[in-house]
Amino acid sequence: MEKKKIYYSLNFNLLLRKHWFFIAIFPIILLAETFPSLGATGGILHPEWTVKYLSVGVIFFISGISMTMDELINAASSYHIHAFIQCFTFICTPVMVLVLTTILRFLFSGINVWIMQGLLTVSCMPPPVSSAVIITKAIGGNEAAAVFNSILGSFIGIVISPILLLYFSGSTALIFMLGSMLLLGQTVLIPLTVGIFLKHFKIIRSTKSLPLTFIGQLILLFIIYTTFCDAFVDAKDTSMTAVDIVLSIFLVLLFHMMCMYICFHTSQCFPWYSASDIVAITICSSYKSLTLGIPILRILFSGYSHFSQIMLPLLLYQPIQIMIGGFLAPPFKLWMISNKNRMKLLP
């Protein structure tokens with residue numbers, strides 16, 4: 001009997017150490033719901049600085065010292081990966097959501113049209129510059145490809161996303177492109193370049209002894225907390241009904257899972273994608289940026305009486321995509337192990 005207790009205790013401790021990140025998500029959300037003002041924009045933790053600059057910068061610095069120059073050059077030359085991710089992000093996703101919202105409006109005449117408009121705006125957003133990289137790295141996917149496409153998609157999105165929103169909304173969409181490019185340079189390119197430089201010239205020789213994955217997961221938990229804090233504060237400050245919130249959660253879940261499913265199974269049809277490539281493609285193609293999305297929407301829809309309802313799907317998308325990525329990481333890892341011998345044939 002004593003041996004059984006020790007056995008179960010050891011198994012529980014092992015499970016806790018292995019999956020502590022996914023277990024910690026629930027208390028983090030509860031903490032955000034209890035003390036939303038602490039981590040909301042303008043709060044004590046000042047996420048507009050600590051997340052926007054510090055956290056994202058550390059994430060890409062870690063990516064820089066984790067990769068070699070050859071890996072980044074190889075990722076930059078993998079045009080077939082970039083083509084899939086960028087085309088799916090800026091062409092396939094908006095078309096899919098346009099068809100989905102059209103069908104929903106036809107079937108349910110009383111559905112909230114502003115929530116539908118909000119879902120369309122989400123579909124036009126570029127991939128995020130941090131969460132997609134962290135989740136891809138946590139699963140063991142092609143981190144270099146995730147980094148490259150997050151940066152590439154962000155720069156493309158500065159131009160393409162407002163154009164797509166202009167087409168869907170019929171309004172004038174402007175974004176301060178120079179300011180956004182400078183922000184991406186400060187928070188992404190400079191930390192990434194410094195990390196690669198330190199690794200390439202052997203100033204940092206080895207990262208095996210450094211708890212980089214643990215640090216990245218702590219940063220992601222901090223991002224989750226501040227994101228939920230903003231979501232809870234915005235929900236309290238607006239006149240959104242419970243029906244609006246439930247509808248938005250359902251549609252965002254449906255949209256995100258649909259994108260992940262299509263990307264995952266479609267990319268397997270091409271023999272030149274390895275298992276790690278497929279993971280990067282699935283994550284980067286289905287994730288959307290809150291950092292660029294909020295400024296675009298504030299410029300485009302500022303002054304609209306239904307602005308909060310339009311913004312709601314985007315605010316929900318960020319925490320939902322991180323949570324789903326966290327929960328799907330273990331089965332994704334198992335899939336990668338069972339498909340590690342998948343041949344990668346160049347096109």
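What you see is a predicted model, and the numbers here were worked out from it, not measured in a lab.

How do you make sense of the overall build of the chain when you look at a structure like this?
Along the chain, the regular secondary structure elements total 15 helices and zero strands. When the 347 residues of the chain are sorted by exposure, 51% land in the buried category. Accessible area of the chain: about 16900 Å², with a carbon and sulfur share of 72%.

What should I look at first to understand the packing of aromatic side chains in this one?
For any two aromatic rings, the description comes down to two numbers: the centre-to-centre distance and the angle of the planes. Here the structure, examined in full by the defined rule, presents 10 aromatic pairs. Taking the centre distance of 5.0 Å and the plane angle of 70 degrees together, the rings of Phe 264 and Trp 335 count as edge-to-face. Residue Phe 264 is located in helix H12 (residues 242-267), and its partner Trp 335 is located in helix H15 (residues 307-338); the two are separated by 71 residues in the primary sequence. Here Phe 264 and Trp 335 have matching classes, each one buried. Pairwise contacts between aromatic rings join Phe 84, Phe 88, Phe 270, Trp 272 and Tyr 273 into one cluster.

Looking at this structure, I do not really get the nonpolar core. What am I missing?
For soluble globular proteins, nonpolar side chains are generally found buried alongside one another. By size, the foremost hydrophobic cluster in this structure holds 86 residues, and its most contacted members are Phe 60, Ile 139, Ile 224 and Ile 283. The dominant element in this core, judged by the number of residues it contributes, is H15, at 14 residues. Residues in contact with Ile 139, not counting those within four places in the same chain, are Val 279, Ile 283, Ala 329, Phe 332, Lys 333 and Met 336.

When you look at the side chain of Ser 123 in this model, what are you seeing that I'm missing?
Mapped onto the fold, Ser 123 is located in helix H7 (residues 113-123). Those residues in contact with Ser 123 that sit more than four places away from it in its chain are Thr 89, Thr 93, Pro 94, Val 97, Phe 255 and Lys 288.

I'm lost on H12 in this one. Help?
Residue pairs three or four apart in sequence face the same way in an α-helix, which turns once every 3.6 residues. A rise of 1.5 Å per residue sets the reference length of H12, with its 26 residues, at 38 Å; its end C-alpha atoms lie 37 Å apart and thus fit the reference within 8%. Every buried residue belonging to H12 is among Asp 244, Leu 247, Ser 248, Leu 251, Val 252, Phe 255, His 256, Cys 259, Met 260, Cys 263, Phe 264 and Ser 267, and all of these are buried.

Can you walk me through H7 in this structure?
Here H7 lies mainly inside the structure; nine of its 11 residues are buried. For H7, the complete set of buried residues consists of Ile 115, Met 116, Gln 117, Gly 118, Leu 119, Leu 120, Thr 121, Val 122 and Ser 123.

Definitions and limits used
Residues numbered from 1 in each chain as written. Predicted model: local features only at pLDDT ≥ 70, side-chain atom pairs only at ≥ 80, totals over all residues. Heavy atoms only, no water. Helix = DSSP H or I, 4+ residues; strand = E, 2+ residues; numbered from the N terminus. Buried < 20%, exposed > 50% of the residue type's maximum accessible area, 1.4 Å probe, protein only. Areas by Shrake-Rupley, 256 points an atom, 1.4 Å probe, with all protein chains shown as cover. Phe/Tyr/Trp six-rings, centres within 6.5 Å; stacked < 30°, edge-to-face > 60°. Core = buried A, V, L, I, M, F, W, Y, C linked by side-chain atoms within 4.5 Å. Contact = heavy atoms within 4.5 Å. Expected span 1.5 Å × (residues − 1).

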